[in-house]
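# Residue-level structure breakdown
Listed below are the residues making up each chain.
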Amino acid sequence: MFSQYLEEFEVEEVSVETFIERLTRRSHADFDINYLDGNTEILCEFFIQTINDLKVLQQRCQKKCVQLEENLQDEKNGHRQQLESLEDRQHAAIELFRQLDEKINLVAGKIIHLGEQLENINTPRRRVSEAQTLLGYTIEFLAAGTLSLNTVGIFNDNARLFEAADAIQKLYLIAQDLPEEKFSHLKKNIDLMYDKIEKDLIERFASEHHGGNIDEMRRIANVLSNFKGYSQCVDVYIEQSQDVPYSGKDIFDSVLPLCQKNYEIIEKVFSNPNQVMSKFILNIYQLKINQYAQTRLDDRRDERKYLKTLYEIYVRTLKLSSDIGKIKMSLEDDLLNKLTQNIFSKYLRDYIEIEMRHLDSMFQNELRKFYENKKHHKRQTERFSELKRDMQALISTKANINISQIDDFGGETFLSEELAIALLQEYSAAFERCKLFSKEQNFSSNVLNMTDVLFHYLLHDHICYALDIGLQAIPFAESKAHPVIYFFDVVQKCNTIVHLLENTFNANIVPYLLSNSTLIECTNKKRNFLETINNKINNGLDRALGVIIGWVKFTLQNEQKKTDFRPETDTFDTIASVACRAVVPYIESSIVMIKRSFDGENLSTILGEFGFRLHRVIFDHLTQFQYNTVGAMCAICDINEYRKCVRALNNSLVTQLFDILHALCNLLLVKPENLLEVCCGDALNCLEKSVVMNFIQLRSDYKNIKLSNTLKGI
């Protein structure tokens, strides 16, 4: 039972209610359910027995806890005694270590003193020994002839090359102080052997470099650092390291990894790695890149290709310099920039002359090819062409003869967005080159000169010429034939090209000349060209609208019959007159053509002007006829057709003018007794009384109305 209680109490959370419930179920298991039913005393006795058992269990646990605490205390005391013993031993060991350290320092001091004494004694001996050895070599060199030098001691033993190098280097220094007249033979032999040993060391260095033996290379480099031919060792290393194949543009892709790899080796081999690395890079720029640039840039016959290649190589060289500069090595300040300038200075000296010549030639050729593809021979625009045209139009109108044939070139605009884009792209490329190649003090003037070339060919020779041709192709204002106008297409393409020019101007020129007076000069030149273009466009639009309205006027005058508005029959017909049906399709097509060629405020302005002129022509046309009731109905039908057309103009004022014209035509139709009411209506209340009276006078029954005093009060 006790073990069962222990298992129940050893769980992490003990619930008293759960424990009592479990005891109750256990009591039901020990006794009959029917026997326990209503007999609480038995259940109470069971609980009391359980409580007693738990008390006994508690006493046992307490005894066990006391025993465990006593054991714990005994173990603690034992460990404390062990720690105290260890501390005593540690203190003893520290004291012993201190005593030993003092003895070691004492002995070391004595040893150092003894070593210094031995060194003082041994140094003279060693020097005497070395002097004796060198004296022996000197005697051998004095006795040896030129042909028998290879038999002199260690100098003929490749295994003792470093020992021989040390000896000959010292002999060489000693020989410099000997008088020439007595020891010329000795000095000559020493010089010959010095050169031989130096050559052997360099050859050994080259061999070890091929084998990748860094340690041996460092040893040889250290020995050669005392020789006058040490620079030859550096040259051999650079020559062998850079003896790699280059092909095409890969020279730039290969240089940076080559520098990174060799800088790690140079740091390990040479005692002066920064100087060696500077010479390594100098050799790459002056030989490899310079030779590559000369090969690619020697041919200047194709100036466009030459400039493009120069820009490409220069940019790649600058990028290479930037990448090399990021390697953690101490190079001379501005070394890479100086090397770059040394390579390209001869090409940049006459750059701007070549650039200007190329732009002028390229723009001229592009325009020439464009007109040749159009099979058009560019004409010289006459100075007084406008006056000549006006005189021809006047003579043709007055004399009714055609003295000048209008050539519309089959609707060709002689403008090309593709050509403009090509010119602007070439200019942008030239601007990038100019920005990179020009000196700061020359940049502004160079940009101004290039911009002058662009404005001359694109604005003057291309756009202005197309506008002049387009102006000449506009029919005369009093044209009797159905006029075909292509000038709107010319204006549409002109606006597109000017928009492209503005984008290029704002993207290239403005940001780099923002605080420069050259920007004002460029802007003024552009403004002058654009004002000239706008004047030509305005002149052409005025003419084109005049031609359209003139043909409408001519057609109405010739197609409209008096009987249309004053027929002899009383039969009503709800269709427009023949004249109206003749001009409405042309008006609609003209509106569509204008909308296709313009947008924004320009479109609204042109459509408004077109609507005003059309209203004036129709108004004047209607005031030339007399109207009876049936004719007034026909006029209203015509006005309704015109109103449908002008709705496409999206101009509220024009729409209002035609609504008023419609209201005026109603004056021709209403009964005389209703005239006063119609005249006082909102539609006609804004007009002068004279205009209203003039329209009423067009009625065929006007005299009767006047006699009847119906018009009193109007």
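Residues numbered from 1 in each chain as written. Predicted model: local features only at pLDDT ≥ 70, side-chain atom pairs only at ≥ 80, totals over all residues. Heavy atoms only, no water.

The protein goes by Exocyst complex component 5 in an unreviewed UniProt entry, where it is assigned to Culicoides sonorensis. Under the Sequence similarities (unreviewed entry) heading, UniProt states for the protein: "Belongs to the SEC10 family." (UniProt positions renumbered as here; feature names shortened; annotations may be inferred.)

## Some details on the overall build of the protein
Looking only at helices and strands, one finds 26 helices and zero strands in the protein. Long-range contacts, defined here as pairs at least 24 residues apart, represent 76% of the contacts in the protein between residues at least 6 apart. Element-wise, carbon and sulfur atoms account for 51% of the exposed surface of the protein, whose accessible area totals about 41,700 Å². (Helix = DSSP H or I, 4+ residues; strand = E, 2+ residues; numbered from the N terminus. Contact = heavy atoms within 4.5 Å. Areas by Shrake-Rupley, 256 points an atom, 1.4 Å probe, with all protein chains shown as cover.)

## Looking at the pattern of salt bridges
Opposite charge on two side chains permits pairing when their charged atoms draw close. Per the stated rule, a full pass over the model turns up 26 salt bridges. As a salt-bridge pair, R316 and D253 come within 3.4 Å of each other at their nearest N and O atoms. Of this pair, R316 sits in helix α11 (residues 303–325) while D253 sits in helix α9 (residues 250–269), placing them 63 residues apart in sequence. Between K319 and D323 there is a salt bridge, with the nearest N and O atoms lying 3.1 Å from each other. Of this pair, K319 and D323 both sit in helix α11, separated by four residues, roughly a single helical turn. By sharing partners, the salt bridges in this structure join R304, E355, E426 and R433 into a single network. (Salt bridge = Lys/Arg side-chain N within 4 Å of Asp/Glu carboxyl O.)

## Considering the nonpolar core
Ranked by size, the top nonpolar core spans 181 residues in total, and within it F270, I281, Y285, I324 and F488 carry the most contacts. If one sorts the elements of this core by residue count, helix α16 (residues 440–473) sits on top with 17 residues. With residues up to four places along the chain from it excluded, the contact list for I324 reads V255, L256, C259, I281, Y285, M329, L331 and L336. (Core = buried A, V, L, I, M, F, W, Y, C linked by side-chain atoms within 4.5 Å. Buried < 20%, exposed > 50% of the residue type's maximum accessible area, 1.4 Å probe, protein only.)

## Some words on the packing of aromatic side chains
Following the criterion strictly, the structure yields 22 aromatic pairs and no others. Every member of this aromatic cluster is reached through a ring pair, and the members are Y311, Y314, F344, Y347, Y351 and F437. The ring of F162 carries the charged tip of R219 above its face, separated from the ring centre by 3.7 Å. (Phe/Tyr/Trp six-rings, centres within 6.5 Å; stacked < 30°, edge-to-face > 60°. Lys NZ or Arg CZ within 6 Å of the ring centre and 35° of its normal.)

## A closer look at a nonpolar patch on the surface
A cluster of nonpolar side chains, contributed by L96, L100 and I104, occupies part of the molecular surface with about 290 Å² of accessible area. Mapped onto the elements, L100 comes out in helix α4 (residues 40–143). Overall, L100 belongs to the partly exposed group, its relative accessible area being 45%. (Patch = residues over 30% accessible without salt bridge, like charges linked within 9 Å, V, L, I, M, F, W, Y side chains within 5 Å.)

## Examining the packing of helix α10 (residues 273–297) against helix α12 (residues 335–348)
Axis separation between α10 and α12 bottoms out at 10 Å; the angle between their running directions is 20°. As the angle between them shows, α10 and α12 are arranged roughly parallel. In this structure, α10 crosses over α12, and the sense of that crossing is right-handed. Residues S278, I281, L282, Y285, Q286, I289, N290, A293, Q294 and L297 of α10 form the contact with α12, whose participating residues are L335, L336, L339, T340, I343, K346 and Y347. A class-by-class count of the residues in the contact of α10 with α12 yields eleven nonpolar, five polar and one charged. (Axes fitted to C-alpha atoms, helices over the stretch in contact; angles between N-to-C directions. Parallel < 35°, antiparallel > 145°, perpendicular 65-115°, else oblique. Left-handed = near helix turned anticlockwise from the far one by under 90°. Nonpolar A, V, L, I, M, F, W, Y, C, P; charged D, E, K, R; others polar.)

## Considering the packing of α11 against helix α15 (residues 417–437)
The axes of two packed helices give the description: the angle between them and the distance between them. α15 packs onto α11 with a crossing angle of 45° between their chain directions and a minimal axis gap of 11 Å. Judged by the angle between their axes, α11 and α15 are oblique. The chirality of how α11 crosses α15 is left-handed. Facing R304, L307, K308, L310, Y311, Y314, V315 and L318 of α11, the residues of α15 in contact are E426, E432, R433, L436 and F437. By residue class, the composition of the contact of α11 with α15 is eight nonpolar, no polar and five charged.

## Remarks on empty space enclosed by the protein
Scanning all chains against the criterion turns up two cavities of 30 Å³ or more. Considering only enclosed or pocket space, the largest cavity measures out at about 90 Å³ in volume. Taken together, 16 residues form the lining of the largest cavity, with E412, G470, A473, Y486 and V490 sitting closest to its centre. A total of four residues in the lining of the largest cavity trace back to one element, the largest contributor, which is α16. (1 Å grid on protein atoms, 1.4 Å probe; cavity = no way out; pocket = protein on both sides within 12 Å on 5 of 7 lines; lining within 4 Å. Points joined across faces, edges and corners; volume = space filled by probe spheres on them.)

## What to know about a negative patch on the surface
Taken together, E69, E70, D74 and E75 make up a surface patch of like negative charges. Relative to the helices and strands, D74 resides in helix α4. A relative accessible area of 51% places D74 in the exposed class. (Lys, Arg positive; Asp, Glu negative; His and termini not counted. Charge placed at Lys NZ, Arg CZ, Asp CG, Glu CD.)

## Here we look at helix α22 (residues 629–647)
Helix length check: α22, at 19 residues, gives a terminal C-alpha distance of 27 Å against a target of 27 Å (1.5 Å per residue), a fit within 8%. Regarding α22, its N-cap is N628, as a side-chain oxygen of that residue lies 3.3 Å from the backbone nitrogen of V630 further along. (Expected span 1.5 Å × (residues − 1). Polar contact = N/O pair within 3.5 Å; in protein donor to acceptor, adjacent residues only side chain to side chain.)

## Side note on unusual backbone geometry
Residues other than glycine seldom take positive phi values, yet K375 does so here, at roughly 55°. Mapped onto the secondary structure, K375 falls in the loop between α13 (351–373) and α14 (385–399). Residues other than glycine seldom take positive phi values, yet N650 does so here, at roughly 55°. Relative to the helices and strands, N650 resides in the loop between α22 and α23 (652–666). According to the relative accessible area criterion, N650 is exposed, its value standing at 67%.

## Here we look at the side chain of S321
Inspection of the secondary structure puts S321 in helix α11. Once you skip the residues sitting within four places of it in the chain, S321 turns out to touch Y285, L336 and T340.

## Description of the state of the cysteines
A complete count under the given rule lists zero disulfides for this structure. Here C494 is not disulfide-linked; the sulfur of C464 is the nearest cysteine sulfur, at 7.9 Å. The thiol of C580 is not disulfide-bonded; the next cysteine sulfur, from C645, is found 7.4 Å away. (Disulfide = S-S within 2.5 Å.)

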